[in-house]
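Per-entry structural report
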Amino acid sequence: MNQQRDFVLFGGSGDLAFRKLYPALWGLFRNGEFTAGDRIISVSRRRESDDTFRSRVGDALRASSNATDAVMLDQFLACVFSVDCDITSDEGWGPLRDRLAEESSRLRLFYVATPPSLFVPITEKLAAYDLSSGESRLIVEKPLGSDLKSGRAINAAMLKAFEERRIYRIDHYLGKETVQNLLALRFGNFFLDHLWNSTCIDHVQIAVTETIGVESRGSFYEETGALRDMVQNHMLQMLAFVAMEHPFSLAAEDIRDEKVKVLRALARPEQHEPTRIVAGQYSEGFISGEQVPGYRDEVPDGRAETFVAIRTYVQNQRWSGVPFYLRTGKRMREATATITVQFKPILHSMFSRGNDLPPIPNRLMIKLQPEEWIRLTIATKSRMSEQLELETTSLDLHLDRRKVARGYTAYERLLAAALRGDQTLFVREDEIETSWRWIDSVRDLWGRSGFAVAPYPAGSTGPTKADTLLHMEDREWLAY
Ligand code: BG6
């Protein structure tokens, strides 16, 4: 019989737990990957009976459309328990320890979904109460620090209590189906594999744009900004997947070894092919016809960047001279996440008379959201003309979830992997520290050169300076 599990959720009454974690665990319950013998123990300072808490979780799941099977939902809710624990005080830990001791042979997974200031105290207490021993696992989520120094301090505290092989650092972008598809595309297709280098690729763009603003997170955001909120983690992880060398296998260490090499090879602002960067901040504007406030209306005197556009390089043989452009922003015209690999145009065109080179060079676009698709643009003969003229055609691969027998959300996929003990989709200590080192180098540059944000109206495509960044190199942003 499989070992039963206790999924202990610090911050179990919080926003992340209700929006993402209970729905994901419920999804896994329906798939049979989380079972009636397992327990979810929510830890928070809210004094609530198990029944009251269960009904709150039940209401939240019913409000999301997929909780229609009432009998199954009741079985799931019977696995949910609430423990009141003030994690900062010693007295608070008694009830949690007692609840866990009831079933001491279980595999324990501790998920820390609290404000970051509690990460270190929680791991220290887990060690002090001997809850971190054996095979128990720790799952944590960003922000894992705000610079290299604080990132290292969090890693060090976690590693005192848990070995690296038992730590699961979540970057929810790695749970997205299409990010994983990058591995399949790159390493499962002979032709792409052979074209994936600076001889054939002109440049790469990675864009994550959102229409939402900072919402209720103004004070957090003011401390963080887009560079640390989005680039340090999601964007650099996607870049690493695009640029990594062949891993020996799909095993976690093989993949993470290759990713960290890419992060180490990223050009720093002071290096030979320097990183260029534009920071922006949204002002008031219109999104889908509705007027929305500016960042400084939401965060008075706010200084943080809500947009960044970056050009950088991966300094190795494969990518020599190929720019990687990253772009992310809030309150933009469209919400989209796309990775675009633009190939070089053909060198000698027979089609030049009366018709230029293929209008668009071959391009591979990988759309992560809101829809999931992969598109390869190729040149074909135009059917509108009897001359041999070219037009661009797309080969489209729609990866619509509804057509998949059992599609996972990002959190379902990640929690299922943590329950199985598979670290492939989680970020290793050295990846975190290497990305912070790079982010720090960009922030040092900002410090030296006088950091200033370029305003852009909400609902636009970002500051004009970001367009200039590409125009200077005869390129343009490809997907808004
Ligand atoms: C989070 C950031 O990590 O990712 C948020 O803190 C951002 O600011 C979010 O909105 C975007 O995630 P997704 O999956 O909605 O693209």
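Residues numbered from 1 in each chain as written. Predicted model: local features only at pLDDT ≥ 70, side-chain atom pairs only at ≥ 80, totals over all residues. Heavy atoms only, no water.

This next bit is on the overall build of the protein chain. A count of helices and strands for the protein chain gives 14 helices and 17 strands. By the compact-globule yardstick of 23 Å for 480 residues, the protein chain fits well, its C-alpha radius of gyration being 24 Å. Viewed in the frame of its principal axes, the protein chain has a C-alpha envelope of about 80 × 50 × 45 Å. Counting all 480 residues of the protein chain, 56% fall into the buried class. Long-range contacts, defined here as pairs at least 24 residues apart, represent 76% of the contacts in the protein chain between residues at least 6 apart. Split by element, the accessible area of the protein chain, about 21600 Å² in all, is 51% carbon and sulfur. (Helix = DSSP H or I, 4+ residues; strand = E, 2+ residues; numbered from the N terminus. Rg over C-alpha atoms; globule rule 2.2 N^0.38 Å. Buried < 20%, exposed > 50% of the residue type's maximum accessible area, 1.4 Å probe, protein only. Contact = heavy atoms within 4.5 Å. Areas by Shrake-Rupley, 256 points an atom, 1.4 Å probe, with all protein chains shown as cover.)

An α-helical turn contains 3.6 residues, so any two residues separated by three or four positions project in the same direction. Burial analysis of helix α12 (residues 410-420) places 10 of its 11 residues in the buried class, the great majority of the element. All of the buried residues in α12 are A410, Y411, E412, R413, L414, L415, A416, A417, A418 and L419. Those residues of α12 hidden inside the fold are in contact with β1 (5-10), α1 (15-31), β4 (107-112), β5 (137-141), β6 (167-170) and α7 (177-188). Taken from the residues just after α12, G421 is the one with a positive phi, measuring 85 degrees.

It is worth spelling out helix α6 (residues 148-161) at this point. When the terminal C-alpha atoms of α6 are compared, their 20 Å separation across 14 residues agrees well with the 20 Å that a helix rising 1.5 Å per residue should span. Along α6, the residues that are buried comprise L148, G151, I154, N155, A157, M158 and A161. Elements that come into contact with the buried residues of α6 comprise α5 (119-128), β5, β6 and α13 (429-449). (Expected span 1.5 Å × (residues − 1).)

Our focus in this paragraph is the site of the ligand. Around the ligand lies a shell formed by K142, H172, Y173, K176, E210, R217, D229, M230, H234, K330 and Q369. Contact between the ligand and E210: an oxygen atom at 2.5 Å from a side-chain N or O atom of the residue. At 2.6 Å from an oxygen atom of the ligand is found a side-chain nitrogen or oxygen belonging to D229. For the ligand, whose free accessible area comes to 400 Å², the fraction covered by protein is 78%. Examining the composition of the shell around the ligand, we find that three residues originate from one element, helix α9 (residues 218-243), more than from any other. Class assignment for the residues of the shell around the ligand results in two nonpolar, three polar and six charged. (Near = heavy atom within 4 Å. Polar contact = N/O pair within 3.5 Å; in protein donor to acceptor, adjacent residues only side chain to side chain. Nonpolar A, V, L, I, M, F, W, Y, C, P; charged D, E, K, R; others polar.)

Counted according to the given criterion, the structure contains 18 aromatic pairs. For the pair Y282 and Y295, a centre-to-centre distance of 5.9 Å together with 80 degrees between the ring planes defines the contact as edge-to-face. Highlighted residues: Y282 in strand β8 (residues 276-283) and Y295 in helix α11 (residues 295-298), separated in sequence by 13 residues. Given a relative accessible area of 1%, Y282 falls into the buried group. Classification of Y295 by relative accessible area gives buried; the value is 0%. Put simply, the rings of Y221, Y282, Y295, F307 and Y456 touch in pairs and so form one group of aromatic residues. When the ring centre of W373 is taken as reference, the NZ or CZ atom of R375 above it lies at 4.3 Å. (Phe/Tyr/Trp six-rings, centres within 6.5 Å; stacked < 30°, edge-to-face > 60°. Lys NZ or Arg CZ within 6 Å of the ring centre and 35° of its normal.)

Our focus in this paragraph is the nonpolar core. What tends to happen in soluble globular proteins is that the nonpolar side chains get buried as a cluster. In this structure, F7, F10, F76, Y111, V231 and L364 are the most contacted members of the largest nonpolar core, which totals 139 residues. Sort the elements by how many residues they give to this core and α9 lands first, with 13 residues. In this structure, this core is formed jointly by two domains, domain 1 (5-141) and domain 2 (174-408 + 428-471), each of which donates at least three residues. Setting aside residues up to four positions removed in sequence, L364 forms contacts with L185, L192, W196, I339, T340, V341, F343, I374, R375 and L376. (Core = buried A, V, L, I, M, F, W, Y, C linked by side-chain atoms within 4.5 Å. Domains from an automatic or database assignment.)

With respect to the element layout, Y456 can be found in strand β17 (residues 454-457). Looking at Y456, the relative accessible area reads 1%, which means it is buried. Once the C-alpha coordinates of Y456 and E223 are considered, the two residues, 233 residues apart in sequence, prove to be 20 Å apart. The residues touching Y456, leaving out its near neighbours within four places in the chain, are G280, Q281, Y282, S283, T306, F307, G329, K330, R331, M332, G462 and P463. A polar atom in the side chain of Y456 sits 2.7 Å from the backbone oxygen of K330.

Between two packed helices, both the angle of their axes relative to each other and the distance between the axes serve to describe the pair. Here helix α10 (residues 252-264) crosses α13 at 10 degrees, and the two axes come no closer than 9 Å. When the axes of α10 and α13 are compared, the pair comes out roughly parallel. Seen from α10, the contacting residues are R256, K259, V260, L263 and R264; seen from α13, they are D430, E431, T434 and S435. Looking at side-chain class alone, the contact of α10 with α13 contains two nonpolar, two polar and five charged residues. (Axes fitted to C-alpha atoms, helices over the stretch in contact; angles between N-to-C directions. Parallel < 35°, antiparallel > 145°, perpendicular 65-115°, else oblique.)

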